[in-house]
Amino acid sequence: MAVAMIPSMRRAFLAFAVIAAWPSVAGGQGTIDELLEQAGLRAGPVAMRDIQGWDPGATIVVRDLGFDGSALTREFADADIVLVDSPVAALQHARGAGALVGFCDAELLDAAHGATWVQIYSAGAERCLSSPQVAAGEVVLTNMQKMSSPVIAEHAIAMLLALARNLPAFAGAMESGQWRREAAYTGSMTTLAGKTMLVVGLGGIGTEIARRGSALGMRVVGTRNSSRSGPPFVDYVGLSHELADLAAQADVIVNALPLTKQTRHLLDASFFGPGLSRRPFFINVGRGATVDSDALLAALKAGHVAGAGLDVTDPEPLPPAHELWRQPNVIITPHVSGRGGDRRRHLLLVRENVRRYLAGDALLNVVDPGRGY
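A quick note: this is a predicted structure, and the numbers were derived from the prediction, not measured.

## Thoughts on helix H13 (residues 344–359)
Over its 16 residues, H13 runs 22 Å from end to end, which matches the ideal 22 Å to within 8%, given 1.5 Å per residue. The set of residues buried in H13 consists of Arg345, His346, Leu347, Leu348, Leu349, Val350, Glu352, Asn353, Val354, Arg356 and Tyr357. Of the residues one or two after H13, Gly360 is the one with positive phi, at around 85°.

## Some words on the sheet that holds strand S1 (residues 59–63)
Within the open sheet, the 5 strands sit side by side as S2-S1-S3-S4-S5. Their pairing is parallel. The open sheet has two edge strands, strand S2 (81–84) and strand S5 (140–142), and neither has a second partner. Sheet twist, expressed as the average angle between the axes of neighbouring strands with direction ignored, equals 20°. Relative to S2, S1 runs parallel, the two sharing 4 bridges. Each residue of the ladder has a partner; that of Val61, found in S2, is Val82. In the packing of helix H4 (residues 87–94) onto the sheet, contacts are made with S1, S2 and strand S3 (97–101), and the angle to S2 comes to roughly 155°. Taken strand by strand, H13 contacts S1, S2, S3, strand S4 (117–119) and S5, and its axis lies near 175° from that of S4.

## Comments concerning the packing of helix H7 (residues 149–164) against helix H10 (residues 204–215)
Following both chains from N to C, one finds H7 and H10 inclined at 50°, their axes separated by 8 Å at the closest point. With respect to H10, the element H7 is oriented oblique. Judged by the sense of rotation from one axis to the other, the crossing of H7 with H10 is right-handed. Within the contact between the two elements, H7 uses Ser149, Pro150, Ile152, Ala153, Glu154, Ala156 and Ile157 and H10 uses Gly204, Ile205, Glu208, Ile209, Arg212 and Gly213.

## Thoughts on the nonpolar core
If you look at the biggest cluster of nonpolar residues, it comprises 32 residues, and the most contacted ones within it are Leu160, Met197, Ile209, Val252, Ile283 and Val285. Mapped by element, the contributors of at least two residues to this core are H7, strand S6 (196–200), H10, strand S9 (252–255) and strand S10 (281–284). Ignoring sequence-local partners within four residues, the contact set of Val252 consists of Leu160, Leu192, Thr196, Met197, Leu198, Met218, Pro280 and Phe281. One finds Val200, Phe272, Phe282 and Ala308 within the second-largest nonpolar core, a separate group that totals 27 residues.

## Points about the pattern of salt bridges
If you walk through the whole model with that rule in mind, you get 12 salt bridges. Glu126 is the partner of Arg287 in a salt bridge, and the nearest nitrogen-oxygen pair spans 2.8 Å. Remark: Glu126 occurs in the loop between S4 and helix H6 (132–135) and Arg287 occurs in the loop between S10 and helix H12 (293–302); sequence separation between them is 161 residues. The class of Arg287 is buried, set by a relative accessible area of 17%. Given a relative accessible area of 24%, Glu126 falls into the partly exposed group.

## Description of the packing of aromatic side chains
Under the criterion given, the structure shown has 3 aromatic pairs. Each residue in the set Phe271, Phe272 and Phe282 is aromatic and connected to the rest through ring pairs, giving one cluster.

## Examining empty space enclosed by the protein
Summed over all chains, the structure comprises 2 cavities of 30 Å³ or more. Approximately 40 Å³ is the volume found for the largest cavity. If you trace the largest cavity, you find it lined by Asn284, Gly288, Val291, Ser293, Leu296, Leu310, Val312, Thr313 and Asp314. By residue class, the composition of the lining of the largest cavity is 4 nonpolar, 4 polar and 1 charged.

## A word on the sheet that holds S6
Spatial strand order, S8-S7-S6-S9-S10-S11-S12: 7 strands in an open sheet with parallel pairing. Of all strands in the sheet, those with a lone pairing partner are strand S8 (236–238) and strand S12 (330–332), marking the two edges. On average, each strand axis in the sheet is inclined to that of its neighbour by 15°, with strand direction left out of account. Both strand S7 (residues 219–223) and S8 contribute to a ladder of 3 bridges, which runs parallel. Bridged to Val221 within S8 is Tyr236. On the sheet, H7 packs against S6, S9, S10, strand S11 (307–310) and S12 and is oriented at approximately 155° with respect to S10.

About the cut-offs
- Residues numbered from 1 in each chain as written.
- Predicted model: local features only at pLDDT ≥ 70, side-chain atom pairs only at ≥ 80, totals over all residues.
- Heavy atoms only, no water.
- Helix = DSSP H or I, 4+ residues; strand = E, 2+ residues; numbered from the N terminus.
- Expected span 1.5 Å × (residues − 1).
- Buried < 20%, exposed > 50% of the residue type's maximum accessible area, 1.4 Å probe, protein only.
- Pairing = 2+ DSSP bridges.
- Axes fitted to C-alpha atoms, helices over the stretch in contact; angles between N-to-C directions.
- Contact = heavy atoms within 4.5 Å.
- Parallel < 35°, antiparallel > 145°, perpendicular 65-115°, else oblique.
- Left-handed = near helix turned anticlockwise from the far one by under 90°.
- Core = buried A, V, L, I, M, F, W, Y, C linked by side-chain atoms within 4.5 Å.
- Salt bridge = Lys/Arg side-chain N within 4 Å of Asp/Glu carboxyl O.
- Phe/Tyr/Trp six-rings, centres within 6.5 Å; stacked < 30°, edge-to-face > 60°.
- 1 Å grid on protein atoms, 1.4 Å probe; cavity = no way out; pocket = protein on both sides within 12 Å on 5 of 7 lines; lining within 4 Å.
- Points joined across faces, edges and corners; volume = space filled by probe spheres on them.
- Nonpolar A, V, L, I, M, F, W, Y, C, P; charged D, E, K, R; others polar.

Structure representation (structure tokens):
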């Protein structure tokens, strides 16, 4: 049975998520100013009033996923905001809509041919960027980057702690009521303090993972595509071409990369080869297709990787017959690391972007179609 399906394993995740929590990011989310400061959100380069076709009087179609979207209609009573619960319902209001919030559907965009803004509820934007209007920059795309970063980081640390303390094996023993302490059973247990963590992709999610890794006493290094700047709890920030060298130094590798043309299968057989001399644990909470699953599986079997925690896979969903399910040192969760977070963060961002859209200002969390994030 896959580790991800064992009930006691899920209980272990909950326990370690509490240990991994970082209180400083949980409080102070009551205002957009507090969120801007904590998450480091930035406005896009172009004001909406300068976008051809922008019309603040046009309908704003909002998908309400249960975070009190009605607050928008109360706050912006003079605006034409329509709350819907499905793409089918949204299609009924799409014609003439100026903005779509919570959707990036090709049929909707075709119907809402005058739309100038799309807000998605995820951080990953690769599906939306397949739209010609969005890819060409005719429609401003904003995402939820950094909104779920704290809870995703907790999930990553929970999987890492579970692997380091060999919880999958102990969870399996619980099912049959076995009390096992022999060295062969517990020999893979280790500590994280003093170890080196490499965060691949030091963006919003990666930064929160790095923060927690540092809090656990780890030396943290990272890579990013844009610059060598990083927070004080990251010991060294390398550029993308330094990835292999930094991986060779790592006891833990956490992948938080977005999916772009450049990152697709970036972590391949050459990455997972013998160069990983420290037999690191590998955690993936970025995008599944940034990893070559066959290469990861081969590395696990060869012992180049000590264990893996995967919230995302390629393909996704992972087929039931895939060998990754049956590896004793692999934990798989079905792309749920963003669940259970504070939805107030998402509502605050949506409200602020609606306010900025109506005022004609530049929006927050604008996705660059060229970069893919």
